[in-house]
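Descriptive structure summary
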Amino acid sequence: MKYFKGLQVVRNFDEVAFIQNLVYYIETGYRTPDFGIWERGDKTNQGIRELNASSIGMVKAALQAMNDVGDLFGDGSRRSAIHVLPDEIEQCSAVLSSMLPRESFSKETDAALLTIISYPGFSVEDGELVEQTRDTITTKLLGKYGCRRFLRDGYKTALEDPYRLYYNKSELQQFENIECEWPLFLCLLMLDAMYNKNDEAVEDYWQRLESNWAIEEIAPKRTPIRSRCRLVKYKSFISNWTEFMDSRRSHLMYDIRILMDEWSSELQYIYASWNSNRHEKPVGLFSYYCRK
C-alpha cells in the first residue's frame, strides 16, 4: 500500500526544538495580558494590556492541535515529539469559560470571538456558551453592512484623530453608534451557520453580503481627486506636500504617477533655471555703475 504524505515542514531536531519552545511560549496565555487581536489593548486605547478571551481561545486551539500531532518523524523517538501539558489546556478552558461572552474586562463582547466559538478555532465545547456568545455578538454588534469589532470602536470613524496614537479618557462616548461595520464577520457568521447546518442563517448572511456588493457596484468608482505638489527649499532640503481627495485609495498608484510627472516637470524647470543663471556673464559693481 502506498502512502501519500503531505508537505514536510519540520525537517530536523533543531526545528522540533523550535516548535517545542513556541509551545512553552504560548501555554501561559491564559494568564498573560496582551494587546488583543486588534493590537490596541483595552477599549480606551490607552496602551493597557489585558486578558482577552479571543487570545486565550486561540492558545487553547493551538495547544490542542499540537497535542494531537504526536511523533513528527514517525520514528518513535521522544526527541521528535511535541510535548504539551494537559493542565495548560484545562487552564485555558477554565479561564475561557469564565470570561465568555465577554472579550475582556473593558469589552462587553467582540466580533473576534467568532473565531474561537466556530471556525477556525473551535475552542469552546459548551454548546450553550457558544450559543450565548453568538447571540450576544449578533445582538450588539451585527449591523446592515457587517459587524462592529466592539462597542464604541473609534477605528476609521470620521471622528477619530488619525494623528494621535491613543485616545483621551473621555473620548469613547463620541464613537457610540458610528462604529465601522466590517463585512468580514458576515463571512465568519455564514461559515458558522454552515457548520451548524442552519440553511436559513446561511441564506440570510449571503443576502447581506450580496447587498454589500450591489452597493459597491452602484457607488462611483472614483471620486475626483486633487493632487498638488509643492517644492519648498528649506535648509537645503526639498519637502514634498501632497494632498489627496480620494475616498478609495485603491487608485493610489494613479495618484503617484501624477505626482511623479509633476516632480519631473518641477525638476526640469529648476535644472533649466540653474543652467541659464550659471551661463550668464557676471556683471561687476564697477561696470554696473559705469553703465549708469
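Before going into details, it helps to say that this report is about the structure given with it. Residue numbers restart at each chain and count upward from 1, following the sequence in its written direction. Reporting in this predicted model follows two pLDDT cut-offs: at least 70 for local features of residues, and 80 or more for side-chain atom pairs to be given and counted; totals over whole chains, interfaces and linings ignore these cut-offs and use all residues. No hydrogens and no water enter the side-chain calculation; it runs on all heavy atoms of the structure.

1. Digging into a nonpolar patch on the surface
Quick note on the threshold: Patch membership requires more than 30% relative accessible area and the absence of a salt bridge. Residues of like charge join within 9 Å; the nonpolar side chains Val, Leu, Ile, Met, Phe, Trp and Tyr join within 5 Å. Throughout, the Shrake-Rupley method with a 1.4 Å probe supplies accessible areas, and for residues the shown protein chains are the sole cover considered. We define a salt bridge as a contact between a side-chain nitrogen of Lys or Arg and a carboxyl oxygen of Asp or Glu at a distance within 4 Å. Helix and strand assignments follow DSSP, with helices taken as H or I runs no shorter than four residues and strands as E runs no shorter than two, numbered in order from the N terminus. Accessible area is worked out with a 1.4 Å probe on protein chains only. A residue is then buried under 20% of its type maximum, exposed over 50%, and partly exposed in between.
A contiguous nonpolar surface patch, about 320 Å² in accessible area, is contributed by Y119, F122 and Y195. With respect to the helices and strands, the residue Y195 is situated in helix 6 (residues 184–195). By relative accessible area, Y195 is classed as partly exposed at 48%.

2. Things to note about the packing of aromatic side chains
For the record, the criterion: Note on ring pairs: Phe, Tyr and Trp rings are taken, using the six-membered ring of Trp, and paired if centres are within 6.5 Å. Classes follow the plane angle, with under 30 degrees stacked, over 60 edge-to-face and the rest tilted.
This model, assessed by the stated rule, comprises five aromatic pairs. Where W38 meets F185, the ring centres are 6.2 Å apart and the plane angle is 90°; that geometry is what we call edge-to-face. Linking W38 in the loop between helix 1 (13–26) and helix 2 (53–67) with F185 in helix 6, this pair joins segments that are 147 residues apart in sequence. For W38, a relative accessible area of 22% puts it in the partly exposed group.

3. Some words on helix 3 (residues 86–99)
Under the convention used in this document: Given the number of residues in a helix, its expected span is that number minus one, multiplied by 1.5 Å. We call two residues in contact whenever any of their non-hydrogen atoms come within 4.5 Å of each other.
The end-to-end C-alpha separation of helix 3 is 20 Å, in line with the 20 Å expected for 14 residues at 1.5 Å each. Along helix 3, the positions that sit buried rather than exposed are E88, I89, C92, S93, V95, L96 and M99. Elements that come into contact with the buried residues of helix 3 comprise helix 2 and helix 4 (114–117).

4. Topic: the side chain of T133
Structurally, the position occupied by T133 is in helix 5 (residues 127–140). Assessed through its relative accessible area of 0%, T133 is described here as buried. Apart from residues no more than four positions distant in its own chain, T133 is found in contact with L100, P101, L113 and I117.

5. Overview of the environment of V16
If you trace the backbone, V16 turns up in helix 1. Since its relative accessible area comes to 3%, V16 is described here as buried. Sequence separation between V16 and A81 is 65 residues, and the spatial gap between their C-alpha atoms is 7.7 Å.

6. Looking at unusual backbone geometry
For the bond running from L100 to P101, omega is 5°, close enough to zero to count as cis. Mapping P101 onto the fold places it in the loop between helix 3 and helix 4. Look at the link from Y119 to P120: it is a cis peptide, with omega at 5°. With respect to the helices and strands, the residue P120 is situated in the loop between helix 4 and helix 5. For N45, which is not glycine, the phi torsion reads 55° and is therefore positive. As for its placement among the helices and strands, N45 is situated in the loop between helix 1 and helix 2. N45 gets classed as buried once you look at its relative accessible area, which sits at 4%. The backbone of K156 shows a phi angle near 65°, a positive value even though the residue is not glycine.

7. Observations concerning the pattern of salt bridges
Throughout the structure, instances matching the rule amount to 11 salt bridges. In this structure, the salt-bridge partner of E125 is K60, at a minimum N-O distance of 2.8 Å. Of this pair, E125 sits in the loop between helix 4 and helix 5 while K60 sits in helix 2, and the two are 65 residues apart along the sequence. In this structure, R149 engages D153 in a salt bridge whose closest nitrogen and oxygen atoms are separated by 2.8 Å. Residue R149 is classed as buried on the basis of its relative accessible area of 7%. Through salt bridges that share partners, E131, R134 and D192 make up one connected network.

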